[in-house]
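The lines below spell out each chain.
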Number of protein chains: 2
Amino acid sequence: MKEVGIGIAGFGTVGGGVLSILRSHAREIEARLGARIVVRRVAVRDPEKERAIDLDRSLLTTRYQDLVEDPTVQVVVELVGGTTEARSLVLAALGAGKHVVTANKALLAFHGDEIFRLAQEKGVDVYYEGAVAGGVPVIRTLREALASDRIQAIHGIVNGTTNFILTSMAEKGEPLEKALAEAQRLGYAEADPTLDVSGGDAAQKLCLLAQLAFGARLAPQDVLTEGIMGLLPEDFAWAKEFGYALKLLAVARRSGPNGGDGLIEARVHPAFIPGDSMLAGVRGAMNAVLLRSEALGPTLLFGQGAGAMPTGSAVVADIIDLSRNLLSGSPGRVPLPPAASLVRLRSHAEIRTGYYLRFSVKDAPGVLARIAATLARHGISIAAVQQREHEEEGAPVPLVIVTHQAREADLRSAIGEIDAYDTTAAPTRLIRIEQV
Amino acid sequence: MKEVGIGIAGFGTVGGGVLSILRSHAREIEARLGARIVVRRVAVRDPEKERAIDLDRSLLTTRYQDLVEDPTVQVVVELVGGTTEARSLVLAALGAGKHVVTANKALLAFHGDEIFRLAQEKGVDVYYEGAVAGGVPVIRTLREALASDRIQAIHGIVNGTTNFILTSMAEKGEPLEKALAEAQRLGYAEADPTLDVSGGDAAQKLCLLAQLAFGARLAPQDVLTEGIMGLLPEDFAWAKEFGYALKLLAVARRSGPNGGDGLIEARVHPAFIPGDSMLAGVRGAMNAVLLRSEALGPTLLFGQGAGAMPTGSAVVADIIDLSRNLLSGSPGRVPLPPAASLVRLRSHAEIRTGYYLRFSVKDAPGVLARIAATLARHGISIAAVQQREHEEEGAPVPLVIVTHQAREADLRSAIGEIDAYDTTAAPTRLIRIEQV
């Protein structure tokens, strides 16, 4: 039987998943592929470390370079993580004419240009299904199923940690700190959760999606990024009252009149979405990506966004796909993402959405009138207003206003003014409304 | 620029969609493929017919054989429908060494064996993403993304007509006849809706899914098939009361203890599913397929199941995929479904699910006790009971019992006995409960 040789760099959670799937499904994979996938080399930091999965010690090395130099390794599987060592390894592997599978979103978000350019030059493939939404086949769908279509918008719940936290807050009325602690206890959040709760992780993934969907070359810092810190249980209560769910969304879309003026928006932020939408039903640590395209209309892909087995499964599917290319002599069968950006980014100031605004105001006559007048002066039109009774005499009262679509810059100016009023007790909370 | 020549047979709704997508997205397709897709021949029944889309009359022919004989046609796109002419055409095209794209589920469900065998022999590809759930990339996902995994279960809402009808009944409390008439008025249901409402259409699609997921060779008549006729608005009210939604589900799963004894179940029937599940949120004419696999866990794919553009888009994605194989000299890159069945079908009598039972009984002492005793005698254990007051003196009253998991044969025997009682006013309605 024919063989495809692979080398695995980095052997943590996902690496264990990959090896375990390769072993337990070896028979099915051989039957479907007509060849055997053989692990020739595994590069690890500490070869003495105890591991949950049994590994032939003669395969182990501490030098990533051994994978690159081994002529029997055709595919390098990068599971090192980070962007320094991983970058050197991937560039060396591509330089040596080897194909690469990676689940490293940060690497591709920050160094995709360089990596795809070298792969193109060397005529080899880079597959990365595991980098976005774990085992959910969104990369493959964008690359192949939608090759016939023109994508208009992506709305994704692509960070399981924050979705777990927001689901707990929505369903149990918990404060964020408690939901976060629970997520950490259950292993859904890391000890330092910054990358997740800041929206940074979702922004990296959005870069990869926008590249495939629109040919956009974005860096994570180009994405308007707001995290979930500062959300209160009452925001969820208000969301429900207005018929919405509150989710951390990653959004990339063609914008402008008539479905596009050549510009795209790219943003990650908490958003009110219709309570009966499919995305609103995505609970806990699950991920989902909603694609809207011209011919197909809406397509939603949903599943587990992380974990040894889901991500491992995506990596192995990539290895199989690459092996099919190798065995049929057709690497480069599906083109790599374009090196130059085909679209430009709309300035964040020009983005238009509806807004939920939670003001904290002193209970005095004329406060609502003044806020409404300020919004009107900036061209912002009000869709709904609700004011609660204050809980104790003299305490600030919450005032909630839902607006129609408005320009981000106008909204920001209006809020700037309102937050400076002496009747305003705390900075106004702003959550965008997204019709998914 | 390189060219791939295609011939289209049948030029109805989907054919129009295919041509319109090929035209309007020609630039994107050429950029992604590095080649032009050229329509060389279009076979139609009536070349004089007025068409919504402009078509070069010199391409038209009334003979399907012209597509097969044209040496410049490399891919035959079968959109004829039915199983007679379509079968002859596809076999002739494969026989002549041409690749085939089809959206014809009936053809593949009834004649897949013959078609895949010939394709295998000739070393050509048969792609059929459009045959199940329109543009939702479920075929591609089963064939490629899940190639690394072992699938345990498929739960699909794969018939848009019936899902539209059931959604209307659930949300508006309408009787079935009214919802069906509305679906016909809006073009979601055909004048003769039998194939849809009987579950037959869903059963054909299930055969294709089960083949890819489990290597099962099933004919539609092997599938336990029950349609939606006979469902009453009160069934939806009861579903809601017990926390369920009521959907027409297509189910194929490995069954038996410890996740499989080598047998699979295949069935299409109305089912109670948890009201907070993703499938419960699939409304109107939309389709969704939930796959459960060993490594990946649950994956849901959702989108438009029918229509010129969604199905057309799937057909064009297949044409592009096939063109990539052709251009890189790798037809047969992904193996065709296995010709022999790798699994056997569990006898319908041995299937175990929970049941919702709606009895119509005379309001007399001891009726409930007698029914409960009969169920117990057949080993069926009761999870919940509800009885309504009768509306007028002497009229039958509804009695609803929800059971724990029971064997279909035992349930059938018990219902047979109960329906023969003189206190039973009408045949008992049985709806299976499925934990999706």
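Use the structure listed above.
One structure accompanies this document, and this report is about it. Each residue is numbered by its place in its chain's sequence as written, counting from 1. Chains and ligands are labelled sequentially in the order written, the chains with letters from A and the ligands with numbers from 1. For this predicted model, a pLDDT threshold of at least 70 governs which residues receive local features, and a threshold of 80 or more governs which side-chain atom pairs are given and counted, while totals over whole chains, interfaces and linings are taken from all residues.

Examining the relation of the copies chain A and chain B
Overlay of chain A on chain B (RMSD 0.0 Å): rotation 180°, translation along the axis 0.0 Å. Here the copies are linked by what is in effect a two-fold axis. Looking at the rotation axis and the C-alpha trace of chain A, the residue lying nearest is Leu301 of chain A, at 2.4 Å. Of the residues that chain A buries at the interface, 100% are likewise interface residues in chain B, meaning the two copies contact each other through the same surface. Least-squares fitting of one copy onto the other uses the C-alpha atoms of those residues that reach a pLDDT of at least 70 in both copies. Once C-beta atoms are placed from the backbone, any two residues with those atoms within 7 Å are in contact.

Observations regarding the sheet that holds strand β1 (residues 2–9) of chain A
Residues and elements named next belong to chain A. In short, DSSP must find at least two bridges between two strands for them to pair. What counts as a helix is a DSSP run of H or I of at least four residues, what counts as a strand is a run of E of at least two, and both are numbered from the N terminus. Across the sheet, six strands lie side by side as β3-β2-β1-β4-β5-β6; this open sheet has parallel pairing. Each of the sheet's edge strands pairs with one partner strand only, and the pair in question is β3 (60–61) and β6 (126–127). As defined by bridge partners, strand β5 (residues 99–102) adjoins β6 across two bridges and the pair is classed as parallel. Its bridge partner lying in β6, Val100 is registered against Val126.

Quick look at helix α4 (residues 85–95) of chain A
Residue and element names in this part refer to chain A. Burial is judged by counting other C-beta atoms within 10 Å of a residue's own C-beta: 20 or more means buried, 12 or fewer means exposed, and anything between counts as partly exposed, with every C-beta placed from the backbone. Where α4 is concerned, the buried positions are Ala86, Leu89, Val90, Ala93 and Leu94. Axial view of α4: buried residues confined to an arc of 125°, hence all on one face. Those residues of α4 that are buried lie in contact with β1, α3 (65–69), β4 (75–78), β5 and α5 (105–122). At the exit of α4 stands Gly97, carrying a positive phi of roughly 80°. To be clear, the arc concerns the directions from the helix axis to the C-beta atoms.

What to know about the interface of chain A and chain B
Frequently, the measure chosen for interface size is the accessible area removed from exposure when the parts meet. Each partner contributes to the interface: chain A provides 43 residues, whereas chain B provides 43 residues. At the level of secondary structure, the elements contributing two or more residues to the side of chain A that touches chain B comprise α2 (26–33), α6 (138–143), β12 (297–304) and α12 (308–327) of chain A. Tallying contributions element by element places α12 of chain A first for the side of chain A that touches chain B, with nine residues. Only Asp, Glu, Lys and Arg are considered charged in this grouping, and only Ala, Val, Leu, Ile, Met, Phe, Trp, Tyr, Cys and Pro are considered nonpolar; every other residue, Gly among them, is considered polar. Residue classes in the side of chain A that touches chain B are distributed as 20 nonpolar, 14 polar and nine charged. Inspection of the sheet shows β12 of chain A paired to strand β12 (residues 297–304) of chain B by five bridges, in the antiparallel sense. Across the sheet, residue Leu301 of chain A finds its bridge partner in β12 of chain B, namely Leu301 of chain B.

Let's talk about α2 of chain A
All names here are of chain A. Buried within α2 are the following residues: Ile29, Arg32 and Leu33. In a view along the axis of α2, the buried residues occupy a sector of 85°, so they form one face of it. Each element contacted by the buried residues of α2 is listed here: β2 (35–43) and α12. Just downstream of α2, Gly34 is the residue with a positive phi angle, here 70°.

Comments concerning the sheet that holds strand β3 (residues 60–61) of chain B
Each strand in a sheet pairs with its neighbour through backbone hydrogen bonds, running either in the same direction (parallel) or in the opposite one (antiparallel). Residue and element names in this part refer to chain B. With parallel pairing, six strands are arranged side by side in an open sheet as β3-β2-β1-β4-β5-β6. Either end of the sheet is taken by a strand with one partner, and the two such strands are β3 and β6 (126–127). Across eight bridges, strand β1 (residues 2–9) lies against strand β2 (residues 35–43) in parallel orientation. Paired with Gly5 across the two strands is Val38, which belongs to β2.

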